[in-house]
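# Structural description and commentary
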Amino acid sequence: MSVPVSATAAPVHNAPASRRPGAAAALGAALLGFFVITLDALVVNVALPSIRTSLGGDITGQQWVVDGYTLMFAALLLSAGSLSDRLGARRTFAVGLAVFVAASAACGLAPNLGVLVAARLVQGGGAAVIVPSSLALIREAFPDAGSRAKAISVWALGGSAGSAAGPVAGGLLSQVDWRLIFFVNLPVGLVALVLLSRTPHPPHPPRALRAPFDWTGQLSAVVAMGALTFAAIEAGADGFTALPVTAACVAVVAAAAVFTLSQARGRHPMVGLPLLRERTMVLSAAIGFALNVGFYGMIFLLSLDLQQARGMSALATGLAFVPMTVLTAFVSPTAAWFAGRFGARMPVVTGQVAMAAGLVLLALVPSSAPTWLLVAAMVPVGAGGSLAVPALTSLLLDHVPARQAGTASGVLNTSRQVGGALAVAVFGALIAGRGRLAAGLETSLLVAAGAVLLTTAASFLLRPATRA
């Protein structure tokens, strides 16, 4: 995989200045990688009832099937971004994709719920390695800011396509066998590896980028995020006063303190406090967190509501998400155009406003309303996120130095995955129990809308990039 731009060999004379040799193959591999990991974040939601029928378990078990993936995704993103900067994006991407494909096969072969959750944890770890290294690949293949923004919009299209295919694939394949939702990753992953093999091998990264790994920072980050997700999920079943939940909360505080100290005083921090204090980084992370609270929270809630409260089949539930996800796929590529014409903040702010409006509409739709009204209200949620995320990612990568591209994208995507994991955990707790689905769904959607509105106001503090 590629290395930071400052360490990459100069482009050949015949290559256009805006892109480097092998750029198309690198973008194709990055797009497919992002597609398949986004697909797996959403494909299981619609298949949860089928998985429960096959392997057993309650609402807590279903939450862990979703959050086991998201938890490891979030917990390892920081170190994955740092590894991409140190070892080179090409190599890191290949390892992450290989782990993801192997874990997908294990998910499809899982004999019980425990093995499935364990395989989902490994799968999430592979996904964590793929995201920052895929963005670093693009950062290197497209050194020009304008071309890079367009490439990131294409990369984001992979995520949009994964979002579009996820609910439908989950519903369709679970009609045959829910295990197929994991086996479909194998051919896609193999094609991505073939494309990656056609990208040039970069030189080894300079010694400055091969610093020792920050084990203290990584382990404390894993403990903090794992304990936080555990506390949120288990509180729904046992209450916040239960001893395991209280112990998890204490572990969160202790691990967060260790992480902060390690980044402030460590010799080789994987992130470092200067980056974490930088305004664009902080605001981007907060916005990404809120966007995923809204989007992933909505998918989880409505997947259960449509099947349990409205009696729809898994396939019909998946098809209900099609209008939202199809429009999402068309909106994502327009983010670069909007940013170029109206400024980088415009699509970020507009996307958040659209998402918040959609979440409020969904919360206000009565349970007796026709399903098409729910389907229509989903559209601004998906379209808003699809407009905001690529513009936000492009703005952040333009703002940070090339040598920190992997780390910065790791921080951004960690915050996004934490938002998604906590949404599933907290909202799952709100709907747990007989007769609580309708009230919990309304409360959850309004909470998500409030979070998005808060970050919308903060978005006006984002400043345009001063470097290409």
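Structure report, in brief. It should be emphasised that the depicted structure is a prediction, and the values quoted were computed from it without experimental measurement.

## Let's talk about the overall build of the protein
- Counting secondary structure elements, the protein contains 18 helices and zero strands.
- Classification of the 468 residues of the protein by burial places 58% in the buried group.
- Within the protein, counting contacts between residues at least 6 apart in sequence, those at least 24 apart form 85% of the total.
- When the accessible area of the protein is evaluated, it comes to approximately 17500 Å², of which 69% is carbon and sulfur surface.

## Some remarks on empty space enclosed by the protein
- Tallied over the full model, the rule gives four cavities of 30 Å³ or more.
- What the largest cavity holds in volume is close to 320 Å³.
- Lining of the largest cavity is provided by 25 residues; of these, Thr38, Gly159, Ser163, Val389 and Arg416 occupy positions nearest its centre.
- Sorting the residues of the lining of the largest cavity by element identifies α1 (23-55), α5 (145-176), α11 (279-309), α16 (371-399) and α17 (405-431) as the ones contributing at least two each.

## Some details on the packing of aromatic side chains
- Scanning the entire structure with this criterion turns up three aromatic pairs.
- Ring geometry for tryptophan 178 versus phenylalanine 182: centroids 6.3 Å apart, planes at 90 degrees, classification edge-to-face. Comparing tryptophan 178 with phenylalanine 182 shows no difference in burial state: the two are buried.
- Ring centres of phenylalanine 295 and tyrosine 296 lie 5.7 Å apart, and the angle between their planes is 85 degrees; this geometry places the pair in the edge-to-face category. Of the two residues, phenylalanine 295 and tyrosine 296, both sit in the buried class.

## What about helix α7 (residues 185-197)?
- The terminal C-alpha atoms of α7, which comprises 13 residues, lie 19 Å apart, in line with the 18 Å expected from a rise of 1.5 Å per residue.
- Here α7 has its buried residues at Asn185, Gly189, Ala192 and Leu196. Looking down the long axis of α7, one finds its buried residues gathered within 60 degrees of arc, a one-sided arrangement. Residues of α7 that are exposed and point over 90 degrees away from its buried face: Leu190 and Ser197.

## Observations concerning the layout of surface pockets
- Counted as a void, the largest pocket has a volume near 450 Å³.
- Along the walls of the largest pocket sit 17 residues, with Leu78, Met225, Phe259, Thr414 and Val418 positioned nearest its centre.
- For the lining of the largest pocket, the elements supplying multiple residues, two or more each, are α8 (215-238), α9 (243-265), α11 and α17.
- Looking at the lining of the largest pocket, its residues break down into 15 nonpolar, two polar and no charged.

## A word on the side chain of threonine 414
- In this structure, threonine 414 sits in helix α17.
- Taking relative accessible area as the criterion, threonine 414 reaches 7% and is therefore assigned buried.
- Ignoring any residue separated from it by four or fewer positions in sequence, one finds threonine 414 in contact with Ala74, Leu77, Leu78 and Met225.

## Things to note about the environment of serine 174
- Checked against the element boundaries, serine 174 lands in helix α5.
- It is 7.2 Å that separates the C-alpha atoms of serine 174 and alanine 314, two residues lying 140 residues apart in sequence.
- Non-local contacts of serine 174, meaning those with residues more than four positions away in its chain, are made with Ala47, Ser50, Ala169 and Ala314.

## Thoughts on the pattern of salt bridges
- In the structure shown here, the tally under the stated rule is two salt bridges.
- A salt bridge links aspartate 40 to arginine 120, with the nearest nitrogen and oxygen atoms 3.8 Å apart. Within this pair, whereas aspartate 40 is found in helix α1, its partner arginine 120 is found in helix α4 (residues 113-141), the two being separated by 80 residues in sequence.
- We classify arginine 120 as buried; its relative accessible area is 0%.

## A closer look at the environment of proline 187
- The topology assignment puts proline 187 in helix α7.
- Along the backbone, proline 187 and valine 101 are 86 residues apart, and their C-alpha atoms lie at a distance of 8.9 Å.

## A word on the nonpolar core
- Ranked by size, the top nonpolar core spans 124 residues in total, and within it Ile37, Leu116, Trp155, Met298, Leu359 and Leu362 carry the most contacts.
- Ranked by the residues each element gives to this core, the list is headed by α1, at 19 residues.
- Contact partners of leucine 362, with chain neighbours within four places excluded, come to Met298, Leu302, Leu374, Ala377, Met378, Val381 and Leu445.

## What to know about a nonpolar patch on the surface
- A grouping of Val95, Val99 and Val122 is seen on the molecular surface, where their side chains present a nonpolar patch of about 220 Å² in accessible area.
- Note on placement: valine 99 falls in helix α3 (residues 89-108).
- Taking relative accessible area as the criterion, valine 99 reaches 34% and is therefore assigned partly exposed.

## Topic: α16
- Counted at 1.5 Å a residue, the expected span for α16 with its 29 residues is 42 Å, and the 43 Å between its end C-alpha atoms agrees.
- The element α16 is extensively covered by neighbouring structure, given that 24 of its 29 residues are classed as buried.

## Things to note about the side chain of glutamine 263
- The residue glutamine 263 is located in helix α9 in this model.
- With a relative accessible area of 3%, glutamine 263 lands in the buried category.
- Here serine 262 takes part through its side chain, which lies 3.1 Å from a polar atom of the side chain of glutamine 263.

## Thoughts on the packing of α11 against helix α18 (residues 437-458)
- Closest axis-to-axis distance for the α11/α18 pair is 9 Å, and the angle between their directions is 160 degrees. In terms of axis orientation, α11 runs roughly antiparallel to α18. You can see that α11 and α18 cross each other, and the crossing is left-handed.
- For the contact of α11 with α18, a count of residues per class yields 17 nonpolar, four polar and one charged.

Scoring rules and cut-offs
Residues numbered from 1 in each chain as written. Predicted model: local features only at pLDDT ≥ 70, side-chain atom pairs only at ≥ 80, totals over all residues. Heavy atoms only, no water. Helix = DSSP H or I, 4+ residues; strand = E, 2+ residues; numbered from the N terminus. Buried < 20%, exposed > 50% of the residue type's maximum accessible area, 1.4 Å probe, protein only. Contact = heavy atoms within 4.5 Å. Areas by Shrake-Rupley, 256 points an atom, 1.4 Å probe, with all protein chains shown as cover. 1 Å grid on protein atoms, 1.4 Å probe; cavity = no way out; pocket = protein on both sides within 12 Å on 5 of 7 lines; lining within 4 Å. Points joined across faces, edges and corners; volume = space filled by probe spheres on them. Phe/Tyr/Trp six-rings, centres within 6.5 Å; stacked < 30°, edge-to-face > 60°. Expected span 1.5 Å × (residues − 1). Arc of directions from axis to C-beta. Nonpolar A, V, L, I, M, F, W, Y, C, P; charged D, E, K, R; others polar. Salt bridge = Lys/Arg side-chain N within 4 Å of Asp/Glu carboxyl O. Core = buried A, V, L, I, M, F, W, Y, C linked by side-chain atoms within 4.5 Å. Patch = residues over 30% accessible without salt bridge, like charges linked within 9 Å, V, L, I, M, F, W, Y side chains within 5 Å. Polar contact = N/O pair within 3.5 Å; in protein donor to acceptor, adjacent residues only side chain to side chain. Axes fitted to C-alpha atoms, helices over the stretch in contact; angles between N-to-C directions. Parallel < 35°, antiparallel > 145°, perpendicular 65-115°, else oblique. Left-handed = near helix turned anticlockwise from the far one by under 90°.

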